[in-house]
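Observations on chain architecture
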Amino acid sequence: MAWVLKMDEVIESGLVHDFDASLSGIGQELGAGAYSMSDVLALPIFKQEDSSLPQENETKHPPFQYVMCAATSPAVKLYDETLTYLNQGQSYEIRMLDNRKAGDIPEINGKLVKSIIRVVFHDRRLQYTEHQQLEGWKWNRPGDRLLDLDIPMSVGVIDIKTNPSQLNAVEFLWDPTKCTSAFIQVHCISTEFTPRKHGGEKGVPFRIQVDTFKQTENGEYTDHLHSASCQIKVFKPKGADRKQKTDREKMEKRTAHEKEKYQPSYDTTVLTECSPWPDTPTTFVNNSPTPAPTFTSAQHNSYNVPDSNSSSPNHQGDGTSQGSGDQLHPSATIQETQQWLLKHRFSTYTRLFSNFSGADLLKLTREDLVQICGPADGIRLYNALKSRSVRPRLTIYVCQEPLQSIQLERPEAGNGDSSNGAIYVYHAIYLEEMVASEVTRKLALAFNIPLHQINQVYRQGPTGIHILVSDQMVQNFQDESCFLFTAIKAENGEGFHIILK
């Protein structure tokens, strides 16, 4: 087969005609008949292509691209997968990019898609025992998650959800036509899943995987569109920076010939296409053994305000089957106990207490709960069970105008009463934080107003001027002050302003 390797030399030397004449003999020798020059050049081996591979016009064009803003390691050999070092708990941006060509997947135009980001094991052996590995990590780190979304830093993500039974995944909706960035935080480190050996440990690699789905006709996001992933290792804080520096220094000491065997370090990590993770979105959402809500939802750029007639610190309007929903009663069933845990932000422990009734949970002592849940969550759960509410820092009373007064009885003239005998009905607003945003949020809760429709909150001052309610103004409110408030539609017709009088 030396004739194949020397083809370029033959063409360059101008001996094409002589070579063409000798091809028939070679062809006979190979048992393939006579070949002309054009026949040989048409063979895949001369085009440096594999006939089994799809042609260029058949290449699948990925609809999305995900880019993580973290540098790749310089100590990775050519043709090996990139490796990226991350610091534990540090926020890293993943840019969600629309990579569609004109006319691709037109059914998602103007619609949202759902993405699930996971941190999973790279090692196939650990993938088979993932459940046991994560349960062991959960036992050693009660109350923690392997993966979180940094909501204040993220842009364009909507309806963010985390599942208490899947500590290594987060999901959200996003609009492909808009700028979208999800900032992730990985809390597990690579050496936590490595058996301790004499002479040190070698951390296992993880994978960051993004699976994206479109909405089906029945409204569920189960139709798979695209998946991509990258290989990472997670170090204790600042450890990734030190490892990156060490790799860079090692590469600088290598010869130019040795450096050619390694790929350069890039400032960002492009996630490469892969198969979708086996867990479907349906199983991700609907895996709760009870009708209790499985997800704790953190809204960003979208608001779902629950109905409530009170905004006291002990009443958030969740409406469970037990009275006010704050006090866990000994008669509470297992299902009611699960709902109580979810409502009071103990969703991490719903699985641990899956067979506990109200009486079972109330029998546990402070020491028991600290041992089971750790010091922080154990004390918090004990205080919640004993209904130890925190006194609000400030209480104000607010009544809405125009008055929709309740005619109770004709009272004596006095403060808070109108001349026709109707009583001004006020709502108590309890503030745990002395900031203007807390006032806005509590007003929305108390009067069932969509939070995103409130543009500004003003206080009416001398001569009827409108003063913007700031944090400093709230800090100077007198405790148990009374206000009347009215809502004025904004000039642009989008939302309205609230004026306190």
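The paragraphs below set out a description of the structure included in this document. (Residues numbered from 1 in each chain as written. Predicted model: local features only at pLDDT ≥ 70, side-chain atom pairs only at ≥ 80, totals over all residues. Heavy atoms only, no water.)

Side note on the overall build of the protein chain
Of regular secondary structure, the protein chain possesses 16 helices and 19 strands. Looking at the protein chain residue by residue over its 501 residues, the buried ones come to 40%. Partitioning the contacts of the protein chain with sequence separation of at least 6, the portion at a separation of at least 24 is 67%. With an accessible surface of roughly 28600 Å², the protein chain has 50% of that area assigned to carbon and sulfur atoms. (Helix = DSSP H or I, 4+ residues; strand = E, 2+ residues; numbered from the N terminus. Buried < 20%, exposed > 50% of the residue type's maximum accessible area, 1.4 Å probe, protein only. Contact = heavy atoms within 4.5 Å. Areas by Shrake-Rupley, 256 points an atom, 1.4 Å probe, with all protein chains shown as cover.)

Examining the packing of aromatic side chains
Where two aromatic rings form a pair, the distance of their centres and the angle of their planes describe that pair. All told, the structure shown has 6 aromatic pairs when counted by the stated rule. The interplanar angle of 10 degrees and the centroid separation of 6.3 Å between the aromatic rings of Trp340 and Phe346 together place this pair among those described as stacked. For the pair formed by Trp340 and Phe346, the shared burial category is buried. Considering the side-chain rings of Phe353 and Phe356, the 5.0 Å spacing of their centres and the 80 degrees angle between planes classify their relative orientation as edge-to-face. Phe353 sits in the buried class, given a relative accessible area of 1%. (Phe/Tyr/Trp six-rings, centres within 6.5 Å; stacked < 30°, edge-to-face > 60°.)

Quick look at the nonpolar core
Counting 41 residues, the largest nonpolar core has Met68, Ile117, Phe172, Ile184, Val186, Phe206 and Ile208 as the members making the most contacts within it. It is strand 10 (residues 223–235) that contributes the most residues to this core, 5 residues altogether. If we skip the residues at most four places from it in the chain, Met68 touches Thr84, Leu86, Tyr92, Glu93, Ile94, Ile184, Cys230, Ile232, Thr268, Thr269 and Leu271. Of all hydrophobic cores here, the second largest spans 24 residues; its members include Ala436, Leu443, Phe496 and Ile498. (Core = buried A, V, L, I, M, F, W, Y, C linked by side-chain atoms within 4.5 Å.)

Overview of the environment of Val67
Position of Val67 among the secondary structure elements: in strand 1 (residues 64–68). Note on Val67: relative accessible area 9%, which makes it buried. Placed 114 residues apart in sequence, Val67 and Ser181 show a C-alpha to C-alpha distance of 9.4 Å. Those residues in contact with Val67 that lie beyond four places of it in its chain are Glu93, Ile94, Arg95, Leu97, Thr268, Thr269 and Val270.

Observations concerning unusual backbone geometry
One can expect most non-glycine residues to show negative phi and most peptide bonds to be in trans. Although it is not a glycine, Lys238 sits at a positive phi angle of roughly 75 degrees. Relative to the assigned elements, Lys238 resides in the loop between strand 10 and helix 8 (239–253). Even without being a glycine, Arg345 presents a positive backbone phi close to 65 degrees. Within the secondary structure layout, Arg345 lies in the loop between helix 11 (334–343) and helix 12 (358–362).

Digging into empty space enclosed by the protein
By the definition in use, this model includes 1 cavity of 30 Å³ or more. Put simply, the largest cavity is a space of about 40 Å³. Val119, Val120, Phe121, Glu130, Leu134, Leu146, Asn168, Cys188 and Phe206 are the residues that line the largest cavity. Sorting the residues of the lining of the largest cavity by element identifies strand 4 (113–121) and helix 7 (130–140) as the ones contributing at least two each. Of the residues forming the lining of the largest cavity, the biggest block, 3 residues, is contributed by strand 4. Its residues placed into classes, the lining of the largest cavity shows 7 nonpolar, 1 polar and 1 charged. (1 Å grid on protein atoms, 1.4 Å probe; cavity = no way out; pocket = protein on both sides within 12 Å on 5 of 7 lines; lining within 4 Å. Points joined across faces, edges and corners; volume = space filled by probe spheres on them. Nonpolar A, V, L, I, M, F, W, Y, C, P; charged D, E, K, R; others polar.)

So, the pattern of salt bridges
Under the defined criterion, the tally for this structure stands at 15 salt bridges. For Arg141, the salt bridge goes to Glu192, with nearest N and O atoms at 2.8 Å. Taken as a pair, Arg141 in the loop between helix 7 and strand 5 (147–149) and Glu192 in the loop between strand 8 (180–186) and strand 9 (206–214) lie far apart in primary sequence, 51 residues in all. A relative accessible area of 19% places Arg141 in the buried class. (Salt bridge = Lys/Arg side-chain N within 4 Å of Asp/Glu carboxyl O.)

A closer look at the sheet that holds strand 8
Across the sheet, which stays open at both edges, the 5 strands sit in the order 5-8-3-1-11 with antiparallel pairing between neighbours. The open sheet has two free edges, formed respectively by strand 5 and strand 11 (269–270), since each of these has just one partner strand. Relative to strand 8, strand 3 (residues 91–98) runs antiparallel, the two sharing 6 bridges. In the strand pairing of strand 8, Tyr92 is matched with Ile184. (Pairing = 2+ DSSP bridges.)

Concerning the sheet that holds strand 19 (residues 496–500)
Taking strand neighbours across the sheet as the criterion, the 6 strands line up as 15-14-18-19-16-17 in an open arrangement whose pairing is mixed. Bordering the open sheet on either side are strand 15 (427–431) and strand 17 (466–468), each of which pairs with just one other strand. In this sheet, neighbouring strand axes are inclined to one another by 35 degrees on average, regardless of whether the strands run parallel or antiparallel. Sheet topology places strand 16 (residues 454–460) next to strand 17; 3 bridges connect them, and they run antiparallel. In the sheet register, Tyr458 faces strand 17, and the bridge partner there is Leu468. Running over the sheet, helix 15 (residues 436–446) touches strand 14 (394–400), strand 15, strand 16 and strand 19 and is turned about 145 degrees from strand 15. (Axes fitted to C-alpha atoms, helices over the stretch in contact; angles between N-to-C directions.)

Some details on the pairing of strand 3
Two strands pair when backbone bridges link them, and strand 1 and strand 3 are joined in this way by 5 bridges, in the antiparallel orientation. Residue pairing for strand 3: Phe64 is matched across the bridge by Asp98.

Focus on the packing of helix 13 (residues 366–373) against helix 14 (residues 375–385)
The contact between helix 13 and helix 14 brings their axes to 7 Å, and the two run at 140 degrees. With respect to their mutual orientation, helix 13 and helix 14 come out oblique. The crossing of helix 13 and helix 14 is right-handed. Residues Arg366, Leu369, Val370 and Cys373 of helix 13 form the contact with helix 14, whose participating residues are Pro375, Asp377, Gly378, Ile379, Leu381, Tyr382 and Leu385. (Parallel < 35°, antiparallel > 145°, perpendicular 65-115°, else oblique. Left-handed = near helix turned anticlockwise from the far one by under 90°.)

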